[in-house]
Amino acid sequence: MTSVVLTRRGPALWARIDRPGAGNACDGTVLAGLERWLAGAADPDVRMLVLTGTGRSFCAGADLAEATGLLGDLPALLAHLDRGRRLVRGIRAARVPTVAAVNGAAFGGGLELLLGCDLAVAAASARIGDRHLAVGQVPGWGSSVLLPLAVGPALARRLLVTGETWSADESLRRGLVSTVVADDQLLPHVDALADAVAALDATAVRRMLDLARPVVADAAWDREWATLTAHLAAQAAARVGATPPPDRPTRPVPPGADARPGSPGTDTLDPPPGTEPRRCAP
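Keep in mind that what you see is a predicted model, and the values were worked out from it rather than measured. (Residues numbered from 1 in each chain as written. Predicted model: local features only at pLDDT ≥ 70, side-chain atom pairs only at ≥ 80, totals over all residues. Heavy atoms only, no water.)

A. View of the pairing of strand 5 (residues 98-102). With respect to burial, strand 5 is a largely interior element, five of its five residues being buried. Judged by which residues are buried, strand 5 turns out to be covered on both faces: Thr 98, Ala 100 and Val 102 on one side and Val 99 and Ala 101 on the other are all buried. (Buried < 20%, exposed > 50% of the residue type's maximum accessible area, 1.4 Å probe, protein only. Helix = DSSP H or I, 4+ residues; strand = E, 2+ residues; numbered from the N terminus.)

B. Here's a closer look at the side chain of Asn 24. Position of Asn 24 relative to the elements: it lies in the loop between strand 2 (12-17) and helix 1 (28-39). Excluding anything up to four places from it in sequence, Asn 24 contacts Ile 17, Asp 18, Arg 19, Gly 53, Thr 54, Ser 57, Phe 58, Cys 59 and Ala 60. (Contact = heavy atoms within 4.5 Å.)

C. Here's a closer look at the packing of helix 3 (residues 74-92) against helix 4 (residues 109-116). Axis separation between helix 3 and helix 4 bottoms out at 8 Å; the angle between their running directions is 25 degrees. What the angle tells us is that helix 3 and helix 4 run roughly parallel. Along the contact surface, helix 3 presents Leu 87, Val 88, Ile 91 and Arg 92, while helix 4 presents Glu 112, Leu 113 and Gly 116. Here the contact of helix 3 with helix 4 is built from residues that sort into four nonpolar, one polar and two charged. (Axes fitted to C-alpha atoms, helices over the stretch in contact; angles between N-to-C directions. Parallel < 35°, antiparallel > 145°, perpendicular 65-115°, else oblique. Nonpolar A, V, L, I, M, F, W, Y, C, P; charged D, E, K, R; others polar.)

D. View of the pattern of salt bridges. Per the stated rule, a full pass over the model turns up 14 salt bridges. A salt bridge links Asp 118 to Arg 213, with the nearest nitrogen and oxygen atoms 2.8 Å apart. Of this pair, Asp 118 sits in the loop between helix 4 and strand 7 (119-123) while Arg 213 sits in the loop between helix 9 (202-212) and helix 10 (218-242), and the two are 95 residues apart along the sequence. Put simply, Arg 158 and Glu 164 hold a salt bridge, and the shortest N to O gap is 2.7 Å. Note on Arg 158: relative accessible area 32%, which makes it partly exposed. Taking the relative accessible area as the measure of exposure, Glu 164 reaches 24% and is therefore partly exposed. Within this structure, Asp 82, Arg 85, Arg 86 and Asp 222 form a network of salt bridges that share partners. (Salt bridge = Lys/Arg side-chain N within 4 Å of Asp/Glu carboxyl O.)

E. Structural detail: unusual backbone geometry. The phi torsion at Asn 24 lies on the positive side, around 55 degrees, for a residue other than glycine. Residue Asn 24 is classed as buried on the basis of its relative accessible area of 0%. Even without being a glycine, Arg 131 presents a positive backbone phi close to 65 degrees. Topologically, Arg 131 is positioned in the loop between strand 8 (127-129) and helix 5 (143-151).

Here it is in structure tokens:
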């Protein structure tokens, strides 16, 4: 079974992330499927790319379980996360308009995928937030770069630092999404949008995208990536330092003790007990 279902709906190529049991979090198979979706824009008959999710989640970001498994091999972990970073940047450079059809929760990397799209149409029940800090992480797929362009620097800092969740209506008021529709109208609304774009001159649309997409300096992307790299390196070093000798059992974390990722006595990137969602890494 594929983790990303690709479907042609008229002039649009849809990608539906299909890991509802994992909040549609991005593991390697999802990233591979989204790369195939992005490559589909080379077909001249494809006039729009649409990204959505299965069930109640749009995307909860990078899969923390997979990232935890790579923490002992920092270069491999960074290569995995850089794959998502390059995907978001590729979406921003697509030759056709890109649309996030936000069917449900979009957190962490899910927010970053949304931000990479030209338009975001949200179902009324959608919930959107950054949530990197909820799992002791910092962005790596563009939140710090793209969020200020969408909502302004002050609101971007608020969303990044507080980790709060916005409703679809508040996301519309703040400029994070372009349209909110009833849940059962999400697909037909985006279908109509694709048909409207397909009726326009393709060359003119591509040139309009060049004008309409905000220019982001490489330095902004580089600063975010350097911060994530340093953060993960520190977590990996702390994890090694917290590993007991082979003849000693792992010390359990006492109730109420610091259980943040990388703290003594912990050996995963799991969030503190009760923190959710668990899968909103960069």
